[in-house]
Structures are given as C-alpha cells and as structure tokens.
Amino acid sequence: MDKSSALEYINQMFPNEVSLSGVEPLMQKIQNEIRTVDAGILAAVRQQSNSGTKAKEDLAAATRAVEELMYKIREIKTKAVQSETMVQEICRDIKKLDFAKKHITTTITALHRLTMLVSAVEQLQVMASKRQYREAAAQLEAVNQLCSHFEAYRDIPKIIELREKFKNIKQILKSHVFSDFSSLGTGKETEETNLLQQLSDACLVVDALEPSVREELVNNFCNRELTSYEQIFEGAELAKLDKTERRYAWIKRRMRSNEEIWKIFPSSWHVSYRLCILFCKKTRKQLEDILANLKEKPDVGTLLLALQRTLEFEDELAEKFGGGTQNREIGNEIEEIGKGNNSSSSALDIRKKYEKKLAAHQGGDSEEKDGSKDLAVPGAGFNFRGIVSSCFEPHLTVYVELEEKTLMESLEKLVQEETWDIEDGSQSNVLSSSMQLFLIIKRSLKRCSALTKNQTLYNLLKVFERVLKAYATKLFARLPKGGTGIVAAATGMDGQIKTSDRDERVICYIVNSAEYCHKTAGELAESVSKIIDPQYSDRVDMSEVQDEFSAVITKSLVTLVHGLETKFDMEMAAMTRVPWGSLESVGDQSEYVNAINLILTTSIPALGSLLSPVYFQFFLDKVIDYKVD
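On a predicted model such as this, the values are computed, not experimentally measured, just so you know.

Draft legend 1. Structural context of the overall build of the protein chain. Tallying secondary structure elements over the protein chain gives 25 helices and 2 strands in all. Relative to its 629 residues, the protein chain shows a buried fraction of 36%. Sequence-distant contacts, at least 24 apart, represent 80% of the contacts inside the protein chain between residues at least 6 apart. Taken as a whole, the protein chain presents about 37500 Å² of accessible surface, with 54% of it coming from carbon and sulfur.

So this is what it looks like as structure tokens:
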C-alpha cells in the first residue's frame, strides 16, 4: 500500500477525534499480527535449511543409483552379445536340416504314390482282362488322380513306362466295351441275363475315359441302330413318298420296344435324343433323294399328307425332348382378319385417303400416321421343327398352284352367285361375295401356315394378291357403263352413264365392299407378317391390292356422280328450249328446277343411308364441283 493509500486508510479508520479512542486496541491487534508473521517466517527459514540438506543427500543417492544402473546395462549388453554368438553357433545347420527334411518328405510321398500307382495300374490291368467294369471305373478314377501328381516327372523313364502301360490298358478297356456293346440290339441281351448289367457297368468305364470315347460309342450305337432303317427304306418298295408315315412309325416303335434296354445308358448321354436327331437327318436325306428323283410333279395330296405327318412327328420330338417347339397358336391372328379388331388406324386406312381429299377441298391439312408393327421374334435353342419338313419346301409349288386354282374357281363361283344386293336384316352394306372370299382366304392361310411359314407361305400371299386384284376387277366390271351424250362429252367420260335406283344401290354396295376389302387386305398382311418366317416379314405388302380397291372406290363414286348428272339431261334440255329472249315476266320457280329438285330429294337421301359419311361427303363435293364446272 502506498503512502496516499495508507493515509486514506487512517483517515477512513479515524475520521474524527472521537474515533481516536480506538487507536490503542488497533495498535495492539497489529502488533499481535506482526508477532504471528515473524513466527511463521522463522519456522519457514528453519524448514528450508533442513530441506536443502536432505536434497543434497537425495541427489547424491540418485547419482550413485544411476552409476550402478549403467554398470548393469553394460553387463547385460555383454551377455546379449555372447548369447547371440551362441545361438548362431547352435542354429548354423538348422536350415540345411529343414531343406533335407522337406526333400526327404517329398521323396517318401512320391515313392509312396509311385507304389500306389504301380499297384493301381497292375490291378486295373487285371480288372480290364476280366471285364470287371464297375471296379475298373473306380480304379480308372484313382489312377487318373495319381497320374496327375507326376506331371512334373513326365520325362522320367519309369513314369513314361507307367503312362504307356496305362494308355494301353485304357485302349484294351475301350476295345472290350465296344465289343460288348456290339451285341446290343442283336437279341443277346434277352438270352444273357447279366449282359445288360455288364453294359451298364461298362458305361461307367466310358465316363471315366476321355469324352471322345463316349462320343464315339454313342455315334456307333446310333448308326448301328439306324442301319436296318436305311436298308428297309432305301428299298424300292418303301422308298416312296406315300410311305413317309411308316418311317416315323418305325422309329417310335423301335424306341418304345427298346425303352427298358436303353436305360443302361446314363441320362446325361441323351442317347434317345441324339438317335432321333440322326434319324431325322437320315430321313431328310432320303426324302430329298425321293423328291429329287420324281419323274413328274408329285401328287399334291400325297405330298401334303407326307408333310403333315412329318410336322406331327417333329412336334412330338420337340414336346418329348423340349427346346424349340414351333409356336402354332396362330389361329387367333388369322381369325382377327376381317373383324376390324386389329387396330383402329388399320380400319380407317381407306377412309383416310378420302378424308385427306375432303380436307384439301375444304382447305384443311390434317395428316395421320400409322403405328409400327410388332414383329414376333422366334425363340432360341435346338429346334426339331423343320429338321425334316424343310426338305419339302422347294417342292410345294404344286400346292401353291392348286391353292391358286381353287381360289380362282371359288372367286368365279362367288361372283356368279352374287345377287348384288343385301339381305334384309343385314348389319353391314357389304356384298356377301367379299366376306365369303376372305373366309376362303383365311381357310387357305390356316392350311398353309400349319404346313410351312417360309417361302411357300410367301408365295401363297402373292396368290392372295392376284385373287384380290381379280376380285377388284370383277367389282370394277359390275359398274354401269356409259353411252354417248352431252354430259359425257363435257366431262370427258367414255360415255353417258344411266343409272336406276337399283344401279345406285349396287354402286354403293361396291363402294362398301371395296372399303371392306381394302381394310381386310391390310389386316391380312399384318397377320401374315406376324406368323411368317422373319426373313420374309419385311417383304409382306398388300399396298398394290389396296390401291386396286381404292381405284374401285374412286371409280364407283365418280360413276354415281355421272349417273346423277345423266338424270338431269331431260331437264337441262328443257331449260335450253325455254325462249329466254321472249319471256315477258319471271315466275317464282321453273318446272325444270322442280324436276331437278325432285331427283335430288329422291336420290341423295337414299345414297346417304348406304354410304359412309366420308364417302357421302366426298360424293356431294364431286357433285357440286361438276355442276359448277
């Protein structure tokens, strides 16, 4: 505390004279505190003196301990060096001993395995000579495993000798197995009761040998089984197309009668499966030769029957062995033809053309696009379908020719029997010949698609095109023909067309029928593109046929227009005979106008009830255009 602070402290403690009475007690208190502080200082000094002496003693003791510790560390280090030298001397030869032990162990193991290999080869030789196939199969596995341990010693004479001996034993086993299997199918298996068991054991030996042995054995067995088949059906009596069904009966009977015997083969060998494939290949080759050597075109009935039986056999094989059965669910696709359920756009294809014309006439420019086709894609894997039947494909032209002849005859009959009228109660204004024609085409398509979906189906589609074009020609020919007249000369037509009320109805029916044919032809092409082989699907096109029916529709509507104009000829002639120059007054309405109005009010509503709104509007626009011209 500085002086000013002490002075302030005293003034604070004794602010007046009265307070000076407390000076003595305060001084007494301060002296007591001074004495207490002095006593504390003296005790601290004494204690500090004692602590310094003890600290020196402790420091000297610590120094002596450090020196002793350093001495012990040097002693331990010396002993460690001595121990390391001793350990090195003790372990100097241990590494050599380890390598020696490893080599001795490997040698003992190799000699032990060599002994086992020699013994196993000798035992296998005895088993092979005695035809103990089951034991030999297990022994083969053991010898193969033992031989794998000596791959690094292939150049050692003893190993070479053992390998050569093992190879000879396997060759002996193979020859024994092949010799025993040569008796399979000769009838000996029924005479010798243990032969089948022996052959079953022999299969174990074949599995233990190389895979090529199994392939060779199965091929030999299949070829031997089909030797009699080739001999039987290459003869003059059965080497005929009409005997095709007997071929398939032969293999099915053979497989059925030998089913129990062939159980000796492991299921993994797929003997029946491979036998059927080889049978199909040999059958195809023989049928190709038969068809190629025919001196004249084959009978269609015989050809189709043989093809049908072949397809049925292929389907049986596909169902039996699985993998690659042909999808035959095409009936629904074909049945949809003509029902208008495939797509809304395809049902209106023909009308789009006239809607565009109408829009163009009215100044519109609407345009629609067709949807893309969804092409079916066939599945993967081995396919029995076609393995034999494909050989018939080049020779099915006679079938297509017969179908074309039948369709053309049916077309002529339908046109001859056509009444060109609609039955009472009919829900559509379409000629029956149109619907009947497509029913016949659908039946023909079903028949062909059940036989083939390749070139023949495509050729049949071309036949359908020719038939439909012929029908379009028939419809075109049924339209009323023109004569000579004023209107004909003015319009550029070949002649003046006179139409009765029945003629107008017939023309409307032709328009509706042509529209139906146009739409159904598109559906036909779409269905065929889904069921035909993919390589032909892009070539399926009915646009030319649809163009033919579009031309029929256009011609029919123009004929209606000209027929209606022809009805105005008398009234037009009456109008020209009116003495327009000498008329003194004009009436409200002329007689020829009343007659024209009567014709229009009589014909137009009837045509409107028969035609679709699009065609009726197109017809009215054409009538207006012609009258304005």
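Picking up where we left off.
Draft legend 2. Inspection of the packing of aromatic side chains at higher detail. Counted by the stated rule, this structure contains 14 aromatic pairs. Ring-pair connections join several aromatic residues into one group, and the members of that group are Tyr-229, Phe-233, Tyr-248, Trp-250, Phe-279 and Phe-313. Taking NZ or CZ as reference, Lys-174 lies 5.6 Å from the ring centre of Phe-178, over its face. Just above the ring of Phe-321 sits the side chain of Lys-320; from NZ or CZ to the centre is 5.6 Å.

Draft legend 3. Spatial organisation of the nonpolar core. Formed by 129 residues in total, the largest nonpolar core has its most connected members in Phe-181 and Phe-265. At 14 residues, the largest contribution of residues to this core is made by helix H20 (residues 501–531). Excluding residues within four positions of it along the chain, Phe-181 makes contact with Leu-199, Ala-202, Cys-203, Leu-217, Arg-224, Ile-264 and Phe-265.

Draft legend 4. Local environment of helix H10 (residues 244–257). Between its terminal C-alpha atoms H10 stretches 21 Å, which fits the 20 Å expected from 14 residues at 1.5 Å a residue. For H10, the full list of buried residues reads Thr-244, Arg-247, Tyr-248, Trp-250, Ile-251 and Met-255. Buried residues of H10, seen end-on, are gathered within an arc of 150° and therefore sit on one face of the element. Looking at the buried side of H10, the elements it contacts are helix H8 (211–225), helix H9 (227–233), helix H11 (271–292) and helix H12 (300–321).

Draft legend 5. How the structure looks around a nonpolar patch on the surface. A contiguous nonpolar surface patch, about 360 Å² in accessible area, is contributed by Val-66, Leu-69, Met-70 and Ile-73. Within the secondary structure layout, Ile-73 lies in helix H2 (residues 23–90). For Ile-73, a relative accessible area of 44% puts it in the partly exposed group.

Draft legend 6. The arrangement of the packing of helix H3 (residues 94–130) against helix H5 (residues 157–181) in detail. Axis separation between H3 and H5 bottoms out at 10 Å; the angle between their running directions is 25°. Between H3 and H5, the crossing angle belongs to the class labelled roughly parallel. The hand of the H3/H5 crossing is left-handed. The residues of H5 that touch H3, namely those facing Leu-114, Leu-117, Val-118, Val-121, Glu-122, Leu-124, Gln-125 and Ala-128, are Lys-158, Ile-159, Leu-162, Lys-165, Phe-166, Ile-169, Ile-172, Leu-173 and His-176. When the residues that make up the contact of H3 with H5 are grouped by side-chain class, the tally is 12 nonpolar, 2 polar and 3 charged.

Draft legend 7. Summary view of the environment of Thr-406. As for its placement among the helices and strands, Thr-406 is situated in helix H16 (residues 397–417). The class for Thr-406 is partly exposed, based on a relative accessible area of 34%. Expressed as a C-alpha distance, the spacing of Thr-406 and Ile-440, which sit 34 residues apart in the sequence, is 9.7 Å. A distance of 2.8 Å separates a polar side-chain atom of Thr-406 from the backbone oxygen of Leu-402.

Draft legend 8. Expanded view of the environment of Asn-168. Secondary-structure assignment places Asn-168 in helix H5. The class for Asn-168 is partly exposed, based on a relative accessible area of 40%. The sequence separation of Asn-168 and Gln-125 amounts to 43 residues, and the corresponding C-alpha distance is 9.2 Å.

Draft legend 9. Highlighting unusual backbone geometry. One non-glycine residue with positive phi stands out, namely His-270, at about 55°. Relative to the elements of secondary structure, His-270 occurs in the loop between H10 and H11. Of note in this structure, Trp-420 is not a glycine but carries a positive phi near 55°. Looking at the secondary structure, you find Trp-420 in the loop between H16 and helix H17 (432–451). With relative accessibility at 11%, the residue Trp-420 sits in the buried group.

Draft legend 10. Fine view of the side chain of Asp-201. Turning to its location among the elements, Asp-201 is positioned in helix H7 (residues 195–208). Take Asp-201: its relative accessible area is 11%, and that puts it in the buried class. Ignoring anything within four residues of it in the chain, the contact list for Asp-201 reads Tyr-133 and Arg-134.

Draft legend 11. Structural detail: the environment of Asn-220. In this structure, Asn-220 sits in helix H8. Here Asn-220 falls in the partly exposed class, since its relative accessible area comes to 30%.

Draft legend 12. Here's a closer look at H17. Relative to the 28 Å expected for 20 residues at 1.5 Å per residue, H17 spans 29 Å between its end C-alpha atoms, a close match to the ideal helical length. Looking only at H17, the buried set comprises Ser-433, Ser-434, Leu-437, Phe-438, Ile-440, Ile-441, Lys-442, Ser-444, Leu-445, Cys-448, Ser-449 and Leu-451.

Draft legend 13. Up close: the packing of H8 against H11. Across the interface, H8 lies against H11 with an axial gap of 10 Å and an inter-helix angle of 50°. If you check the angle between H8 and H11, you find them oblique. Crossing of H8 over H11 shows right-handed handedness. Touching Glu-215, Val-218, Asn-219, Phe-221, Cys-222, Asn-223 and Glu-225 of H8 are Val-271, Arg-274, Leu-275, Leu-278 and Lys-282, all from H11.

Draft legend 14. The pattern of salt bridges, seen in detail. All chains considered together, the criterion is met by 23 salt bridges. Residue Arg-214 pairs with Asp-207 through a salt bridge whose shortest N-O separation is 3.9 Å. A salt bridge links Glu-245 to Arg-309; the nearest nitrogen and oxygen atoms lie 3.4 Å apart. One end of the pair, Glu-245, is in helix H10; the other, Arg-309, is in helix H12, with 64 residues separating them in the sequence. Owing to a relative accessible area of 25%, Arg-309 belongs among the partly exposed residues under this scheme.

What counts, and at which threshold
- Here the residue index of a chain counts from 1 through its sequence in written order.
- pLDDT decides what is reported in this predicted model: residues at 70 or higher carry local features, side-chain atom pairs at 80 or more are listed and counted, and totals for whole chains, interfaces and linings draw on all residues regardless.
- Where side-chain values are given, they derive from all heavy atoms of the structure, hydrogens and water being excluded.
- Helical segments are the DSSP runs of H or I of at least four residues, strand segments are the runs of E of at least two, and each set is numbered from the N terminus.
- Burial classes: relative accessible area under 20% of the type maximum marks a residue as buried, over 50% as exposed, and values in between as partly exposed (1.4 Å probe, protein chains only).
- We call two residues in contact whenever any of their non-hydrogen atoms come within 4.5 Å of each other.
- Residue burial considers only the protein chains on display, and all accessible areas are found by Shrake-Rupley using a 1.4 Å probe.
- Only Phe, Tyr and Trp rings are paired, with Trp represented by its six-membered ring, and only when their centres lie within 6.5 Å; those with planes under 30 degrees apart are stacked, over 60 edge-to-face, the remainder tilted.
- By definition, being over a ring means that NZ of Lys or CZ of Arg is both within 6 Å of the ring centre and within 35 degrees of the ring normal.
- For our purposes a nonpolar core is just a set of buried Ala, Val, Leu, Ile, Met, Phe, Trp, Tyr and Cys residues, chained together by side-chain atoms within 4.5 Å.
- For a helix, the expected span equals 1.5 Å multiplied by the number of residues minus one.
- The directions considered for the arc are those from the helix axis to the C-beta atoms.
- Like charges are joined within 9 Å and nonpolar side chains (Val, Leu, Ile, Met, Phe, Trp, Tyr) within 5 Å, but only among residues with over 30% relative accessible area and no salt bridge; these make up the patches.
- Salt bridge, as applied in this entry: a Lys or Arg side-chain nitrogen positioned within 4 Å of an Asp or Glu carboxyl oxygen.
- Angles run from 0 to 180 degrees between N-to-C directions of axes, and those axes are lines fitted to C-alpha atoms, restricted for helices to the stretch in contact.
- The scheme is simple: roughly parallel for angles under 35 degrees, roughly antiparallel for over 145, roughly perpendicular for 65 to 115, oblique for anything else.
- It is the rotation of the near helix from the far one that decides the hand of a crossing: anticlockwise by less than a right angle makes it left-handed, clockwise makes it right-handed.
- Gly counts as polar in this scheme, as do all residues outside two lists: the nonpolar Ala, Val, Leu, Ile, Met, Phe, Trp, Tyr, Cys and Pro, and the charged Asp, Glu, Lys and Arg.
- N or O atoms within 3.5 Å of each other form a polar contact, as long as, within protein, one can give a hydrogen and the other can take it, and as long as residues adjacent in sequence are counted only when both atoms are side-chain atoms.

Remember that the coordinates give geometry; whether it matters functionally is a separate question.
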